Amino acid sequence: MPKAQETILEIHLDALTHNYNYLRSKLKPQTKFLAVVKAFAYGSDSVEIAKHLETLNADYFAVAYTREGVALRDAGIITPILVLHPQVTNFKTIIERCLEPSVYSPKILREFIRVAEEEKQNDYPVHIKFNTGLNRLGFWHNDVDYIANQLKNTSSIIAKSLFSHLAASEDENEFTLRQIKDFKTIAVDFESQMDYRPWLHLCNTSGVINYPEAHFDMVRCGIGLYGFGNSATEDQNLKPIAKLKSIISQIHLIEKDETVGYNRAYVSKGFEKTATIPIGHADGISRQFGNEKGFVFINGQKAPIIGNVCMDMIMVNITNIDCKEGDEVIIFDQDHKVLNFAESIGTISYEVLTAVSQRVKRVFYR
Ligand SMILES: *Cc1c(COP(=O)(O)O)cnc(C)c1O
């Protein structure tokens, strides 16, 4: 691997292949695989990731917002795309770009039917979302009659699938089993009112790993594809696809009681050595990482971020590190876990990964 010469996010598509194959190996051969590529494929690059997963025969993609689906279509992705959180204002675009909406409320259902009829659609595929305990988006069980009636009164749309989302698939067994049971009851109730059977899907990555009995017709994996399994054991079976690296732009030698950075937030305790790195809060390194909470690695040694994180750079303490200007800096990679970095400010890998801004250059390894 050539050393970084500026701030880059390396994306390893061979690791993506590995993760995809690993997750697929947990499924029955007939179970479909939906790859969640929202938020730039968890901060990597939704187009390159989707293109690669398309070559691996992923059955479906999901994004959160309509714009994300449009970007995939613009890039030539032809696999079906579920839009998890569409708004009424997006419905015409959704139909024009062959995106498939999650329908999560009576208003969304009525309005989508209205637009689909206006656009003279027949059996346009939609995905009906039920709330089984996350209390975020979705119909309630007692909406089933209403949904069935609406569907029977129009030929413009068809319920391609019914789905729900687990609230605590990585840690809470009893609650998850209750969600699985409620989802099944809803599906049986729905099917009894319709003359066709929609696909069912419930599991995210941790659901795939922990609840093989709940894979149903399709699973929806995000974080696992990017190399994280929400547990130390599963992390060992997966490979992080992204490595965030930078370089030392400049080294400063400072005396005792000198200050570093804006608002003079860091005061040196003696003769010290600092390195300035070209990555800041506009690149996704939250200000919360400042003041010695967060850290980077230089030549294998841990260098704490000192003072406030600037928009375009951080300063780190390298007093005891043998290094020079131009040396590589690792923020996270396979050996320097994003989880440890995330936990230093009390957050999770998902947030740190998706925060890496579009300004950071992506470099792909195939
Ligand atoms: C983001 C998301 C997923 C993916 O979850 P992971 O834990 O990343 O696998 C699945 N389903 C829905 C509805 C989501 O919003």
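Note that the coordinates shown come from a computational prediction; the quantities given were computed from them, not determined experimentally.

What counts as what
Residues numbered from 1 in each chain as written. Predicted model: local features only at pLDDT ≥ 70, side-chain atom pairs only at ≥ 80, totals over all residues. Heavy atoms only, no water. Near = heavy atom within 4 Å. Polar contact = N/O pair within 3.5 Å; in protein donor to acceptor, adjacent residues only side chain to side chain. Areas by Shrake-Rupley, 256 points an atom, 1.4 Å probe, with all protein chains shown as cover. Helix = DSSP H or I, 4+ residues; strand = E, 2+ residues; numbered from the N terminus. Nonpolar A, V, L, I, M, F, W, Y, C, P; charged D, E, K, R; others polar. Core = buried A, V, L, I, M, F, W, Y, C linked by side-chain atoms within 4.5 Å. Buried < 20%, exposed > 50% of the residue type's maximum accessible area, 1.4 Å probe, protein only. Domains from an automatic or database assignment. Contact = heavy atoms within 4.5 Å. Buried area = accessible area lost by both parts, 1.4 Å probe. Pairing = 2+ DSSP bridges. Right-handed = clockwise from strand over helix to strand, strands pointing away. Axes fitted to C-alpha atoms, helices over the stretch in contact; angles between N-to-C directions. Parallel < 35°, antiparallel > 145°, perpendicular 65-115°, else oblique. Left-handed = near helix turned anticlockwise from the far one by under 90°. Phe/Tyr/Trp six-rings, centres within 6.5 Å; stacked < 30°, edge-to-face > 60°. Lys NZ or Arg CZ within 6 Å of the ring centre and 35° of its normal. Expected span 1.5 Å × (residues − 1). Salt bridge = Lys/Arg side-chain N within 4 Å of Asp/Glu carboxyl O.

Asks: Which residues make up the site of the ligand, and what are the values?
Replies: Close contacts around the ligand come from 14 residues, with Lys38, Tyr42, Thr205, Arg220 and Ile223 the closest. Take Thr205: an N or O atom from its side chain is 2.6 Å from an oxygen atom of the ligand. Contact between the ligand and Tyr350: an oxygen atom at 2.9 Å from a side-chain N or O atom of the residue. Calculation on the ligand without its partners gives an accessible area of 390 Å², and the protein chains cover 94% of this total. Breaking the shell around the ligand down by element, the ones donating at least two residues are helix H2 (38–43) and strand E9 (218–221). Partitioned by chemical class, the residues of the shell around the ligand number six nonpolar, four polar and four charged.

Asks: Help me get a handle on the nonpolar core, residues and values and all.
Replies: Core analysis: the biggest nonpolar cluster contains 110 residues, and Ile49, Leu53, Leu225, Ile285, Ile298 and Val316 have the highest contact counts within it. Residue contributions to this core reach at least three from each of two domains, namely domain 1 (13–229) and domain 2 (242–365). Ile254, Val260, Ile306 and Cys310 belong to the second largest nonpolar core, which has six residues in total.

Asks: Requested: an account of the domain arrangement of the chain, with residues and values cited.
Replies: For the chain, the assigned domains read domain 1 (13–229) and domain 2 (242–365). Inter-centroid distance (C-alpha atoms) of domain 1 to domain 2 is 37 Å. At the junction of the two partners, domain 1 supplies 11 residues and domain 2 supplies nine residues. Summed over both partners, the interface of domain 1 with domain 2 comes to about 990 Å²; 67% of that surface belongs to carbon and sulfur atoms. If you sort the residues of domain 1 by the area they bury against domain 2, Tyr42, Ile223 and Phe228 come out on top, with a joint share of 39%.

Asks: So what about the environment of Asp14? Which residues, and what values?
Replies: Position of Asp14 among the secondary structure elements: in helix H1 (residues 13–25). You can call Asp14 partly exposed: its relative accessible area is 47%. Taking the C-alpha atoms as reference, Asp14 lies 9.2 Å from Lys239; in sequence the two are 225 residues apart.

Asks: Explain the pairing of strand E3 (residues 60–63) residue by residue, including any values.
Replies: Side-chain alternation along E3 places Tyr60 and Ala62 on one buried face and Phe61 and Val63 on a second face that is also buried. Of the pairings in the sheet, the one linking strand E2 (residues 32–36) to E3 comprises three bridges and is parallel in character. Paired with Leu34 across the two strands is Tyr60, which belongs to E3. In this view, the connection linking E3 to its parallel neighbour strand E4 (residues 81–83) by way of helix H4 (residues 66–74) has right-handed handedness.

Asks: Account for the packing of H1 against helix H3 (residues 46–55), naming residues and giving values.
Replies: Where H1 meets H3, the closest approach of the two axes is 11 Å, and the angle between their N-to-C directions is 50 degrees. Between H1 and H3, the interaxial angle falls into the category oblique. For the pair H1 and H3, the crossing hand works out as right-handed. Only Ile49, His52 and Leu53 of H3 make contact with H1, whose side of the interface consists of Leu13, Leu16, Thr17 and Tyr20. Residues of the contact of H1 with H3, tallied by class, amount to five nonpolar, two polar and no charged.

Asks: Outline the packing of aromatic side chains, supporting the account with residue identities and numerical values.
Replies: Tallying each qualifying case throughout the model produces 11 aromatic pairs. Summarising the aromatic geometry, the rings of Tyr42 and Tyr350 are spaced 6.0 Å apart at their centres and angled 40 degrees between planes, so their arrangement reads as tilted. Within this pair, whereas Tyr42 is found in helix H2, its partner Tyr350 is found in helix H12 (residues 349–355), the two being separated by 308 residues in sequence. A residue is classified by how much of its surface remains accessible, and Tyr42, at 10% relative accessible area, is buried. Here the aromatic residues Phe289, Phe295, Phe297 and Phe341 are joined through ring pairs into a cluster of three or more. It is Lys160 that lies over the ring of Trp199; its NZ or CZ is 4.9 Å from the centre. Of note, Arg178 hangs over the ring of Phe175, and the distance from its end group to the ring centre comes to 5.1 Å.

Asks: How would you summarise the side chain of Thr154 if you had to cite specific residues and measurements?
Replies: Of note, Thr154 is situated in the loop between helix H7 (144–152) and strand E7 (157–163). Every residue in contact with Thr154, bar those within four places of it in the chain, is listed here: Ile113 and Glu117.

Asks: Please give an account of helix H6 (residues 106–118) that cites residues and values.
Replies: For an α-helix, the turn length of 3.6 residues means that residues three or four places apart are oriented alike. End to end, H6 covers 18 Å across 13 residues, agreeing with the expected 18 Å (1.5 Å per residue, within 8%). By the burial criterion, the buried members of H6 are Ile108, Leu109, Phe112, Ile113, Val115 and Ala116. Where the residues of H6 are buried, they touch helix H5 (91–96), strand E5 (99–103), strand E6 (124–129), H7 and E7. Looking one or two residues past H6, Lys120 carries a phi angle of roughly 55 degrees, positive in sign.

Asks: Any details on the pattern of salt bridges? Residues and values, ideally.
Replies: Summed over the entire model, instances satisfying the criterion amount to 16 salt bridges. When the shortest N-O distance is used, the salt bridge between Lys245 and Glu328 registers 3.8 Å. Note that Lys245 is positioned in strand E10 (residues 242–247) and Glu328 in strand E18 (residues 328–332), a separation of 83 residues in sequence. In this structure Lys245 comes out as buried when scored by relative accessible area, which is 6%.

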